[in-house]
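Residue-level structure breakdown
One letter stands for each residue in the lines below.
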Amino acid sequence: MDPKRDLSAGLVVFLVALPLCLGIAVASGAPPLAGLMAGIIGGIVVSLISGASLAVSGPAAGLTVIVLNGIDDLGGYEVFVSAVLAAGLIQILLGFLGAGLIGYFFPNAVIKGMLAGIGAILILKQLPHLFGHDKDPEGDVAFQQQDGKNTFTELWDAIQDPEPTAILIGLVGLAVLIFWPKIPGLGKQKILPAPLVVVGLGVVIHEIIKSVRPEWTLEASHMVQIPVASFTDSLANTLPHPQIEHFERYDVWKTGVVVAMIASIETLLCIEAIDRLDPEKRHTPLNRELKAQGIGNAIAGFLGALPLTAVIVRGSANVQAGGRTRWSAFAHGVMLLIAVGFLAAQMNLIPLAALAAVLLHVGYKLASVGLFKEMASRGTGQMLPFVVTVAAILLTDLLTGVGIGLLVGLGFLVKETTRQGIAIEDLSEDESHPSHMRINLGPQVTFLHKAAIRNALRSVPDGVRVDVVGGGANSVDPDVHELLEDAVEIQKSRGVEVVLMDVPKPRARLLEQPEQATVAE
């Protein structure tokens, strides 16, 4: 454990999480404090229960549409918080049932595509904020926005209508982030991280401009906007709490199931991605993570906060900032609590352009050129699912993009499995007039090989003998075996002799052998 590194990393994650918690709440149609409370719970509670070393939890952009629709369907945010509590209980149950096993089935190419896709989204979504165009809430990562615009039209609008003060603050921030590590004596120390310098300079530059050229002062919409009130009053008056009668409603539990499932999938994806970024290559116990997320969401629902998940942006920022243990995530939660409870007025002096510079830098690290080169060197089977995942995330949203990437990866898996299932040999001396061919079956012949075997038999010239050799096959799917037996008769019509040699009989299905099942009992 290195307290200085974890505290420094926690500060960086805090600066990244602050605008995202607020922006996701606004985009979800919830009170801004609900997003901040979710970040506090994710940092303080989940980090202590979870077995993750570097993952950071909080409100997730991937749940924005789910929350927005849930609030509308249930008739208000005061009912939706009951669904959040229900989702937490369901996640705890999923953890005890071992559902974390799902996290081990995500292909490496898709996980890396997800990281690069999130990085590209951060770049495209934060550039408007760098230009002082803050109409789209921070944390919105969907391609289609609620205002009818999309990622690219929003960027074009920002270029058409720049805010000079915001651009100055943003460019200074980017310069600091790029050159700070190269300054002797500053680059390696962790007490004063570059993102903190960026935020501090942003505040100073804006205050100077405000006093020298008041007409260039940024409006409140271009600044962090934490509700200024005592924390106790905010909890009592701003955020609703679950009511017993809400749990008698079917639609509350239905929404809770949806939130639990989506939040669990996004958490497992994030954990897998962050574990791959971990310099020490540690592995998070996934079932324990689901239980921790469930406890966090149950508390979030009870306190009126947004649902939370493990979040890629914050987790990757934690890794990049040098975090080593879960105490960096805990520190970020404590800082959010202090900021909301005691420093709201001071936090509201921070220009969004300064925070946009920090997020742009995180995005660049995630979508690095080196990552694309690495995936390209691994061949089409890795590169295509990677690129498709990145493109799909950019043009849809996180979970949809990952789903599309998984389908492409599955397609390559099926193709590779089918290709390895059979091998065709020409045994004739004269290849221009073959008279004898052999089809060797692989160790595992499944129904996925049906099409390849059928096409191989149909492509054999008339009057040829075909030996189908199954000596190396451990098992043959019943459908394939039936296909081969039928081919013996079907291919005779064109003079093709199909000979089955050492093809193992398929294993009898249980439902087809009730007598044997009874004897076994």
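Points about the overall build of the chain
Looking only at helices and strands, the chain features 21 helices and eight strands. If one aligns the C-alpha atoms of the chain with their principal axes, the spans along those axes are about 95 × 55 × 45 Å. In the chain, the share of contacts with a sequence separation of at least 24, taken over all contacts with a separation of at least 6, comes to 82%. Looking at the chain as shown, the accessible area adds up to about 23400 Å², and 63% of this sits on carbon and sulfur atoms. Once the 36 positive and 48 negative side-chain charges of the chain are each reduced to a mean point, those two points are 8 Å apart.

Here's the deal with the packing of aromatic side chains
Tallied over the full model, the rule gives five aromatic pairs. Relative to phenylalanine 152, the ring of phenylalanine 143 has its centre 5.7 Å away and its plane inclined at 65°; by these criteria the two rings are edge-to-face. Taking the relative accessible area as the measure of exposure, phenylalanine 143 reaches 11% and is therefore buried. Among the residues examined, phenylalanine 152 registers a relative accessible area of 42% and is labelled partly exposed. Ring centres 5.4 Å apart and planes at 80° place the aromatic pair tryptophan 327 and phenylalanine 330 in the edge-to-face group. Of this pair, tryptophan 327 and phenylalanine 330 both sit in helix H13 (residues 327-342), separated by three residues, roughly a single helical turn. Judged by its relative accessible area of 33%, tryptophan 327 is partly exposed. The class for phenylalanine 330 is partly exposed, based on a relative accessible area of 22%. In this structure, arginine 213 packs its charged tip against the face of tryptophan 216, placed 4.5 Å from the ring centre.

What to know about unusual backbone geometry
Positive phi, normally seen in glycine, also occurs at lysine 281, with a value near 55°. We note that aspartate 502 has phi near 55°; this positive angle belongs to a residue other than glycine. Among the structural elements, aspartate 502 can be located in the loop between strand S8 (497-501) and helix H21 (514-520). Judged by relative accessible area, which is 61%, aspartate 502 ranks as exposed.

A word on the sheet that holds strand S6 (residues 465-469)
The mixed open sheet is built from four strands, whose spatial order is S3-S4-S6-S8. Two strands lie at the open edges of the sheet, namely strand S3 (422-426) and S8, each paired on one side alone. Going across the sheet, the axis of each strand differs from the next one's by a mean of 20°, ignoring polarity. Summarising the sheet, S6 and S8 pair through five bridges and their orientation is parallel. Counterpart to arginine 465 in the pairing with S8 is glutamate 497. Its contacts with the sheet place helix H19 (residues 450-458) against S3, strand S4 (436-441), S6 and S8, and it is angled at close to 15° to S3. Strands S4, S6 and S8 of the sheet are contacted by helix H20 (residues 478-490), whose axis makes an angle of about 145° with S8.

Structural notes on the layout of surface pockets
In this model, the second largest pocket occupies a volume close to 270 Å³. Taken together, 16 residues line the second largest pocket, and the ones lying closest to its centre are Leu22, Gly23, Val26, Gln225 and Leu352. Sorting elements by how many residues they give to the lining of the second largest pocket places helix H1 (residues 3-27) first, with four residues. For the lining of the second largest pocket, the residue count by class is eight nonpolar, four polar and four charged.

Here's the deal with H13
An ideal rise of 1.5 Å per residue puts 22 Å on 16 residues; H13 measures up with 22 Å between its terminal C-alpha atoms. Listed as buried for H13 are Ser328, Ala329, Ala331, His332, Gly333, Met335, Leu336, Ala339, Val340 and Gly341.

Quick look at the pattern of salt bridges
The final tally for this structure, using the stated rule, is 14 salt bridges. Taking the shortest distance from any N to any O, the salt bridge between arginine 213 and glutamate 215 comes out at 2.6 Å. Looking at arginine 213, the relative accessible area reads 36%, which means it is partly exposed. Across the pair lysine 492 and glutamate 489 runs a salt bridge whose closest N-O atoms are separated by 3.6 Å. Take lysine 492 and glutamate 489: they sit in the same class, and that class is exposed. Several salt bridges converge on common partners, so that one network encompasses Lys112, Glu374 and Arg378.

Some points on the nonpolar core
Soluble globular proteins tend to bury their nonpolar side chains together. Residues Phe14, Leu36, Phe80, Met114 and Leu306 are the most contacted members of the largest nonpolar core, which totals 119 residues. Ranked by size, the runner-up nonpolar core spans 22 residues in total, among them Ile439, Leu441, Ala473 and Val498.

Some points on a nonpolar patch on the surface
Together, Leu101, Tyr104 and Phe105 line one region of the surface with nonpolar side chains, adding up to about 390 Å² of accessible area. Along the chain, the position of leucine 101 falls in the loop between helix H4 (77-96) and helix H5 (108-130). The exposure class of leucine 101 is partly exposed, given its relative accessible area of 49%.

What counts, and at which threshold
- Residues numbered from 1 in each chain as written.
- Predicted model: local features only at pLDDT ≥ 70, side-chain atom pairs only at ≥ 80, totals over all residues.
- Heavy atoms only, no water.
- Helix = DSSP H or I, 4+ residues; strand = E, 2+ residues; numbered from the N terminus.
- Contact = heavy atoms within 4.5 Å.
- Areas by Shrake-Rupley, 256 points an atom, 1.4 Å probe, with all protein chains shown as cover.
- Lys, Arg positive; Asp, Glu negative; His and termini not counted.
- Charge placed at Lys NZ, Arg CZ, Asp CG, Glu CD.
- Phe/Tyr/Trp six-rings, centres within 6.5 Å; stacked < 30°, edge-to-face > 60°.
- Buried < 20%, exposed > 50% of the residue type's maximum accessible area, 1.4 Å probe, protein only.
- Lys NZ or Arg CZ within 6 Å of the ring centre and 35° of its normal.
- Pairing = 2+ DSSP bridges.
- Axes fitted to C-alpha atoms, helices over the stretch in contact; angles between N-to-C directions.
- 1 Å grid on protein atoms, 1.4 Å probe; cavity = no way out; pocket = protein on both sides within 12 Å on 5 of 7 lines; lining within 4 Å.
- Points joined across faces, edges and corners; volume = space filled by probe spheres on them.
- Nonpolar A, V, L, I, M, F, W, Y, C, P; charged D, E, K, R; others polar.
- Expected span 1.5 Å × (residues − 1).
- Salt bridge = Lys/Arg side-chain N within 4 Å of Asp/Glu carboxyl O.
- Core = buried A, V, L, I, M, F, W, Y, C linked by side-chain atoms within 4.5 Å.
- Patch = residues over 30% accessible without salt bridge, like charges linked within 9 Å, V, L, I, M, F, W, Y side chains within 5 Å.

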